[in-house]
Amino acid sequence: MSPVPVPADCVDGFTEAFHNRPERFLDPSMRGCQSAWGFVDPVAVDRGLARLRSDLESGAWEDRYGELRRQPTFVGALRLITALPAGIARVDLGG
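Below, the structure is looked at part by part. Since the model is a prediction, treat every value here as computed from it, not as a measurement.

Each value, and the rule that gives it
- Position numbers for residues count from 1 along each chain, tracking the sequence in the order it is written.
- For a predicted model such as this one, the threshold for reporting local features is a pLDDT of at least 70, and the threshold for listing and counting side-chain atom pairs is 80 or more; totals across whole chains, interfaces and linings nevertheless cover every residue.
- The side-chain quantities take in all heavy atoms of the structure and omit both hydrogens and water.
- Secondary structure elements follow DSSP: runs of H or I of four or more residues count as helices, runs of E of two or more count as strands, with numbering from the N terminus.
- Summary of the burial criterion: residues with accessible area below 20% of their type's maximum are buried, those above 50% are exposed, and those between are partly exposed, where the area comes from a 1.4 Å probe applied to protein chains only.
- Should any heavy atoms of two residues lie within 4.5 Å, those residues are counted as being in contact.
- Nine residue types can take part in a nonpolar core, namely buried Ala, Val, Leu, Ile, Met, Phe, Trp, Tyr and Cys, and a core is a set of them joined through side-chain atoms within 4.5 Å.
- By definition, a salt bridge exists where a carboxyl oxygen of Asp or Glu is found within 4 Å of a side-chain nitrogen of Lys or Arg.
- Helix span, as expected, comes to 1.5 Å for every residue beyond the first.
- Working definition: rings of Phe, Tyr and Trp (its six-membered ring) pair if their centres are within 6.5 Å, and the pair is stacked with planes under 30 degrees apart, edge-to-face with planes over 60 apart, and tilted otherwise.
- Should the NZ of a Lys or the CZ of an Arg lie within 6 Å of a ring centre and within 35 degrees of the ring normal, that charge is described as sitting over the ring.

### Thoughts on the side chain of aspartate 55
Within the secondary structure layout, aspartate 55 lies in helix H2 (residues 42–58). When its relative accessible area of 14% is taken as the criterion, aspartate 55 is described as buried. Beyond its immediate sequence surroundings of up to four residues, aspartate 55 is in contact with Ala60, Trp61 and Arg64.

Laid out in structure tokens, this is it:
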């Protein structure tokens with residue numbers, strides 16, 4: 001299992017692709033493309049989005065998480081899981 005760094009300019013639509021562009025979560029069409037939002041209570045979504053909007057407008061988000069906008073990559077929850085069929089020896093390529 002290996003962490004997968006997400007580049008700052010990632011254009012894919014998965015949630016962590018917007019780690020440095022939280023304002024994208026305020027767009028309903030963007031959220032509609034991410035399945036995770038369907039698992040969250042709509043009242044909690046509305047409450048969280050209102051707080052995010054407020055934090056972005058006040059600068060509180062930037063104060064707390066602004067470093068994310070300046071990082072070239074973000075290592076979050078994404079992991080690459082690799083496995084070999086039984087009987088195949090693993091080769092360490094270094095690095």
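### Remarks on the nonpolar core
In this structure, Phe18, Phe25, Met30, Val45, Leu49, Leu52, Trp61 and Leu68 together form the largest nonpolar core, which totals eight residues. Tallying contributions element by element places H2 first for this core, with three residues. In contact with leucine 52, other than residues within four places in its own chain, are Pro22, Phe25, Leu26 and Trp61.

### A closer look at the pattern of salt bridges
Summed over the entire model, instances satisfying the criterion amount to seven salt bridges. Between arginine 24 and aspartate 27 there is a salt bridge, and its shortest N-O distance comes to 3.3 Å. For aspartate 27, a relative accessible area of 25% puts it in the partly exposed group. A salt bridge links aspartate 55 to arginine 51; the nearest nitrogen and oxygen atoms lie 3.8 Å apart. One end of the pair is aspartate 55 and the other is arginine 51, both in helix H2 and four residues apart, which spans about a single turn. Beyond isolated ion pairs, a larger network of salt bridges with shared partners links Glu23, Glu62, Glu67, Arg69 and Arg70.

### Observations concerning H2
The end-to-end C-alpha distance of H2 is 24 Å, a good match for the 24 Å that 17 residues give at a rise of 1.5 Å each. Those residues of H2 that are buried lie in contact with helix H1 (28–31) and helix H3 (60–65). Glycine 59, located one to two residues past H2, shows a positive phi value of around 90°.

### A short note on the packing of aromatic side chains
The full count for this structure, using the stated rule, is three aromatic pairs. Taken together, a centroid distance of 6.1 Å and an interplanar angle of 85° make the contact between phenylalanine 18 and phenylalanine 25 edge-to-face. Centroid distance tryptophan 61 to tyrosine 65: 5.7 Å. Interplanar angle 50°. Geometry classified as tilted. Remark: tyrosine 65 and tryptophan 61 occur in helix H3; sequence separation between them is four residues, near one turn of the helix. The exposure class assigned to tryptophan 61 is buried, which follows from its relative accessible area of 7%. Here the basic side chain of arginine 31 rests over the ring of tryptophan 37, its NZ or CZ set 5.7 Å away from the ring centre.

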